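So the chains spell out like this:
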Amino acid sequence: MARLQPLHRARRFFRTLLTGAPEPSEAEWAEGWLTEREWVLFSRMRPADRSHSIAVARAVEAHLAPEGTPQRWVIAAALLHDVGKTVPDLGTYGRVVATISGSVGGADMADVWADTTGFTRKVGLYLKYPELGADLLAVAGSDDRVVAWAREHHLPEEDWTVPAEEGRLLAAADDGRL
Ligand SMILES: [Fe+2]
Ligand SMILES: [Fe+2]
């Protein structure tokens, strides 16, 4: 059995590489920080988004480790900040188009496109994903700060309502600066 372990590990490694899905043990760790309803929302994210969110939350946890166990809302905010991306359910190609459209069309176009139909509607919704994520989390009864961070995580610091210290930490982890 012991000799099978490296193969096991290799399989897991390649599965993560191919699908972008988090390790089962990492998913379990994330579940431990979330309410049941938050976990349902988290589970609807694409595998690569789940892995990204766990990486952000782990970075925050590691940074706060010297001060003890982090506050639950901070880790939940890290795990759920991109949850609005589940709404339009665009594939990778669509996201690239949506991101480029956002920089070409400007943020104002998001509302216009969201009111249309078909692909432009999906692009519009994608550009609005922070807002959509905040709505999902509010309906799920999440902590106000978790809801706020989903809405605010791409806004400049002066527009945040979350505590600045935690916001800076969450933003740094999201940008890979931790
Ligand atoms: Fe984001
Ligand atoms: Fe993110």
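Look a little higher up for the structure.
Residues numbered from 1 in each chain as written. Chains lettered and ligands numbered in written order. Predicted model: local features only at pLDDT ≥ 70, side-chain atom pairs only at ≥ 80, totals over all residues. Heavy atoms only, no water.

1. Observations concerning the coordination of the iron ion (ligand 2)
Item 1. The iron ion (ligand 2) binds to the protein through His52 (NE2), His81 (NE2), Asp82 (OD) and Asp174 (OD); the donor distances cover 2.2 to 2.3 Å.
Item 2. Geometry at the iron ion (ligand 2) is irregular, judged from its four donor atoms and the angles of 81 to 170° they form at the metal.
Item 3. Look at where the donors of the iron ion (ligand 2) fall in the sequence and you get H-x28-H-D-x91-D.
Item 4. Here the iron ion (ligand 2) and the iron ion (ligand 1) are spaced 3.8 Å apart, with Asp82 acting as a shared donor. (Donors = N, O, S within 2.8 Å, 3.2 Å for Na, K, Ca; no water. Tetrahedral: all angles 85-135°; square planar, octahedral: opposite > 155°, others 65-115°.)

2. Side note on the coordination of the iron ion (ligand 1)
When a metal carries six donors in an octahedron, the ideal angles between them are 90 or 180 degrees, while four donors in a tetrahedron ideally lie at 109.5 degrees.
Item 1. Protein coordination of the iron ion (ligand 1) is provided by Asp82 (OD), Tyr129 (OH), His153 (NE2) and His154 (NE2), with donor distances spanning 2.1 to 2.2 Å.
Item 2. Coordination at the iron ion (ligand 1) is irregular, judged from the four donor atoms that bind it and the angles of 79 to 171° they form at the metal.
Item 3. Of note, the donors binding the iron ion (ligand 1) are all from one chain and are spaced D-x46-Y-x23-H-H.
Item 4. Judged by its relative accessible area of 3%, Asp82 is buried.
Item 5. Under the relative-accessibility criterion, His154 is labelled exposed at 52%. (Buried < 20%, exposed > 50% of the residue type's maximum accessible area, 1.4 Å probe, protein only.)

3. Re the environment of Thr116
Item 1. Position of Thr116 among the secondary structure elements: in the loop between α7 (109–114) and α8 (118–127).
Item 2. At 2.9 Å, the side chain of Thr116 forms a polar contact with the side chain of Thr120.
Item 3. A distance of 3.3 Å separates the side chain of Thr116 from the backbone nitrogen of Arg121, its partner in a polar contact. (Helix = DSSP H or I, 4+ residues; strand = E, 2+ residues; numbered from the N terminus. Polar contact = N/O pair within 3.5 Å; in protein donor to acceptor, adjacent residues only side chain to side chain.)

4. Digging into the packing of helix α5 (residues 72–80) against helix α10 (residues 144–152)
Item 1. In the contact formed by α5 and α10, the axes pass within 9 Å of each other and the chain directions differ by 35°. Like other packed secondary-structure pairs, α5 and α10 cross with a definite hand, here right-handed. On the side of α5, the interface is formed by Trp73, Ala76, Ala77 and Leu80, while α10 contributes Arg145, Val146, Trp149 and Ala150.
Item 2. Taken together, the residues of the contact of α5 with α10 sort by class into seven nonpolar, no polar and one charged. (Axes fitted to C-alpha atoms, helices over the stretch in contact; angles between N-to-C directions. Left-handed = near helix turned anticlockwise from the far one by under 90°. Contact = heavy atoms within 4.5 Å. Nonpolar A, V, L, I, M, F, W, Y, C, P; charged D, E, K, R; others polar.)

5. Topic: the nonpolar core
Item 1. Within the largest apolar cluster, 35 residues are counted, with the highest numbers of intra-cluster contacts made by Trp29, Phe42, Val60, Leu79, Leu80, Leu137 and Leu170.
Item 2. Among the elements that make up this core, the one with the highest residue count is α5 (eight residues).
Item 3. Among all residues touching Val60, those that are not within four sequence positions of it are Val74, Ile75, Leu169, Leu170, Ala173 and Leu178.
Item 4. Judged by nonpolar contacts, the second largest core, of five residues, contains Ala98, Trp113, Val123 and Tyr129. (Core = buried A, V, L, I, M, F, W, Y, C linked by side-chain atoms within 4.5 Å.)

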